[in-house]
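Chain and residue survey
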Amino acid sequence: MIVGTRKPLVEILEMVKPYHRLLLVGCDTCVAESASGGRRETSELAAALEMAFRVAGTDKDIRETCVDRQCIHEFLLAVVEAAAEADAVLSLACGAGVQALAARLPKTPVFPALNTQFIGETAERGLWLENCRGCGNCLLGLTGGICPITRCAKGLLNGPCGGARDGWCEINLAREITPPVTCAWLEIYDRLHSLGQLNRLLEPLPPKDWSQGDAGGPRRVLRPDQRP
Amino acid sequence: METLIKVVLLACEQACPRPQLWIKPLAEAGLKVRMVQEPCSSKVEVFQLLRLLARSADLVWVVACPEELCRLCEGSIRMERRLAHAQDYLEEIGLERERLGLSLLAAEDEAGRGKVIDTIRAQAQSLGINPGCRQPSAGKE
């Protein structure tokens, strides 16, 4: 899923302050799971903006709605209708959702309320970890289901660097990280060991083909059988 | 325009089975008091706290059971964290964190109840009207 975090309120206020009628649009899938853009968070932000503008001496018309997925156009039809009465829209979706909504609202400014962070997993309650870079050429089958591109701070493909200590990545020395970051390559080793597949480590991985990643401009997937 | 300070109590019904024991002394102190009884403080969400402050309250106070008495085991602990999250929002807005409060109290703790009521009264009077709250003339609740 996509993990997002709310922008500082002062940044959001600056973006939307010229507009009187605001529509906040939440997204009830990924960013709801990461507790940043679902129904609850949309209501929190709506109430907070209402108060912040009032404290600053202005009363705004702030409305809120939420859709199941902002990145899928079919889900946006109701929002388009609601946005007809708004001067601006504040989206609590990831960057993909914000852009899909903006594409549907050619005459209404659409602003992001979140900073999109990464593709990740809910590791524990209140803790989300990045575990996929969308590199376009997945190696997980070779590394025991643990991604060295994402989870090794250096993205190394053939074993750990010399900086790991007691199972921890050396980036923990540079700044305090809670909980600390583990050495991905130690995890890969342990995982392959428990699977009885340590022999996988005997074959060095070739240089990675980065052309499938984001270095080649915006990527697209085209499926002829799905096209209209 | 209404000038009474408005206090909303969100009370776990296990901790506050008799609302009048709270409402009466606070009303006698000149506050406009509303109590919303909850099955557990774990049902109180951040958006509800903020929405109350935005639309109808100068001070919101949550009364929950002590941690060891909470029937949902960790309802009170999580309430404390959600309250802190809502208070962070208030700080960003430029409002006092103290406009949101929490007390953990057993239903039979009369002395404790008296102290909490004194704290709510003093805090409401010291903070006064919430400048972030919609005034009655500005529209319906």
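As the structure is a computational prediction, the values presented were derived from the model and not from experiment.

Scoring rules and cut-offs
- Residues numbered from 1 in each chain as written.
- Chains lettered and ligands numbered in written order.
- Predicted model: local features only at pLDDT ≥ 70, side-chain atom pairs only at ≥ 80, totals over all residues.
- Heavy atoms only, no water.
- Helix = DSSP H or I, 4+ residues; strand = E, 2+ residues; numbered from the N terminus.
- Rg over C-alpha atoms; globule rule 2.2 N^0.38 Å.
- Contact = heavy atoms within 4.5 Å.
- Buried area = accessible area lost by both parts, 1.4 Å probe.
- Salt bridge = Lys/Arg side-chain N within 4 Å of Asp/Glu carboxyl O.
- Polar contact = N/O pair within 3.5 Å; in protein donor to acceptor, adjacent residues only side chain to side chain.
- Nonpolar A, V, L, I, M, F, W, Y, C, P; charged D, E, K, R; others polar.
- Phe/Tyr/Trp six-rings, centres within 6.5 Å; stacked < 30°, edge-to-face > 60°.
- Buried < 20%, exposed > 50% of the residue type's maximum accessible area, 1.4 Å probe, protein only.
- Lys NZ or Arg CZ within 6 Å of the ring centre and 35° of its normal.
- Domains from an automatic or database assignment.
- Pairing = 2+ DSSP bridges.
- Axes fitted to C-alpha atoms, helices over the stretch in contact; angles between N-to-C directions.

What follows concerns the overall build of chain B. Broken down by element type, chain B carries four helices and four strands. Secondary structure elements of chain B occur, N-terminal to C-terminal, as β-α-β-α-β-α-β-α. Computed over its C-alpha atoms, the radius of gyration of chain B comes to 14 Å, within 12% of the 14 Å expected for a compact globule of 141 residues. Seen through its C-alpha atoms, chain B measures out along the principal axes to roughly 40 × 30 × 25 Å.

Moving on: the interface of chain A and chain B. How big an interface is tends to be stated in terms of the accessible area lost upon association of its parts. Chain A puts 17 residues into the contact, and the matching count from chain B is 20 residues. Looking only at chain A, the three residues that lose the most surface to chain B are E44, M51 and R54 of chain A, adding up to 35% of its buried area. For the salt bridge of R134 of chain B with E50 of chain A, the shortest nitrogen-to-oxygen distance reads 3.4 Å. For the pair chain A and chain B, the interface holds nine residue pairs in polar contact (both at pLDDT 80 or more). If one sorts the elements of the side of chain A that touches chain B by residue count, helix α3 (residues 39–55) of chain A sits on top with 11 residues. Partitioning the side of chain A that touches chain B into residue classes produces eight nonpolar, one polar and eight charged.

Note on aromatic pairs: each is described by the distance of the centres and the angle between the planes. Residues and elements named next belong to chain A. A full pass over the atoms with the stated rule returns one aromatic pair over all chains. Seen from their ring centres, Y19 and F111 are 5.7 Å apart, and the 45° between their planes marks the pair as tilted. Here Y19, found in the loop between α1 (9–16) and β2 (21–27), pairs with F111, found in strand β5 (residues 110–112); they are 92 residues apart in sequence, far enough to count as distant. A relative accessible area of 22% means that Y19 is categorised as partly exposed. For K60, the ring lying beneath its charged end belongs to F53, and the centroid distance is 4.7 Å.

Our focus in this paragraph is the domain arrangement of chain A. Assigned domains of chain A: these are domain 1 (2–118) and domain 2 (133–216). Using only C-alpha atoms to locate each centre, domain 1 of chain A and domain 2 of chain A end up separated by 36 Å.

Before going further, it helps to examine the sheet that holds strand β1 (residues 2–6) of chain A. Residue and element names in this part refer to chain A. With respect to topology, three strands assemble into an open sheet ordered β1-β6-β7, the strand pairing being antiparallel. Strands at the two margins of the open sheet, each flanked by one partner only, are β1 and β7 (127–132). For this sheet the average axis-to-axis angle between neighbouring strands, irrespective of direction, equals 70°. For β1 and strand β6 (residues 114–124), the ladder comprises five bridges, and the chain directions are antiparallel. Residue pairing in the sheet places V3 in a bridge with F118 of β6.

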